[in-house]
Amino acid sequence: MANKYLDSSLLDKAITLAVEAHKNTERRGKGFPYIVHPMEAMSIVATMTNDQELLAAAALHDTVEDTDVTVDDIRREFGDRIASLVADESDIEIPEMDETSSWHMRKQAAIDHLAAASRDAKMVALGDKLSNMRAIARDYAVKGDQLWLLFHVKEKRDHEWHYRGLASSLSSLCDTFAYQEFVSLIDEVFGKQ
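Overview of the structure. (Residues numbered from 1 in each chain as written. Predicted model: local features only at pLDDT ≥ 70, side-chain atom pairs only at ≥ 80, totals over all residues. Heavy atoms only, no water.)

1. Quick word on the overall build of the chain
Inference 1: When helices and strands are tallied, the chain shows ten helices and zero strands.
Inference 2: Secondary structure elements of the chain occur, N-terminal to C-terminal, as α-α-α-α-α-α-α-α-α-α.
Inference 3: The C-alpha radius of gyration of the chain comes to 17 Å, within 12% of the 16 Å expected for a compact globule of 193 residues.
Inference 4: Overall, the C-alpha framework of the chain stretches about 50 × 45 × 35 Å when taken along its three principal axes.
Inference 5: Taken across its 193 residues, the chain has 45% of its residues classed as buried. (Helix = DSSP H or I, 4+ residues; strand = E, 2+ residues; numbered from the N terminus. Rg over C-alpha atoms; globule rule 2.2 N^0.38 Å. Buried < 20%, exposed > 50% of the residue type's maximum accessible area, 1.4 Å probe, protein only.)

This is the structure:
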């Protein structure tokens, strides 16, 4: 049986940039390299599409938000589509407000933005959000409600509001296993509605 050739050069380049950008950083409080999260997000997106640009955007989704890489850097290296998808996934900053004070506004803006986003942008976002929700579910099983004390916003109900809002905004992906897993984990952590 012959191997079918797949040109993954764009994805390989994105993974290399993501590894370099996130090197020597730890996933907050997890004890493992940060790059594990974008790689998991990418693998989740791969369950929904084989579009190399979407997979590359998933690999790069936190580079602008969490490293010195800029949207212009992404655009220069990977083009407009990937740069736009990464920009869509980057948290907005609210000037003169700290991370905790601006949390609800930033999360509501993300929920609203996702509701109107393209299916492509929603797939990249779902890769990120499902990876996050998997980590929350694992940690919640061990720590229970003490888990919320590790976050800037410490009320479980606030996190429930956020994740249920994301699920609503991503509901056009309800035909995917990734979305179904996302909703199942939300119900597991926060209880069924």
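2. Brief notes about the pattern of salt bridges
Side chains bearing opposite charge may pair, as long as their charged atoms lie close to each other.
Inference 1: Across all of its chains, the model carries 16 salt bridges by this definition.
Inference 2: In this structure, Glu40 and Arg134 form a salt bridge, with 2.9 Å as the shortest nitrogen-oxygen distance. Here the residue Glu40 occupies a position in helix H2 (residues 36-45), and Arg134 occupies one in helix H8 (residues 119-143), the gap between them amounting to 94 residues.
Inference 3: For Arg134, a relative accessible area of 21% gives the class partly exposed.
Inference 4: Of the charged contacts, one joins Asp145 and Lys156 as a salt bridge, the two residues approaching to 3.5 Å between their closest N and O atoms. Note that Asp145 is positioned in the loop between H8 and helix H9 (156-169) and Lys156 in helix H9, a separation of eleven residues in sequence.
Inference 5: Taken together, the shared-partner salt bridges connect Asp51, Glu53, Arg81 and Asp120 into one network. (Salt bridge = Lys/Arg side-chain N within 4 Å of Asp/Glu carboxyl O.)

Remember that the coordinates give geometry; whether it matters functionally is a separate question.
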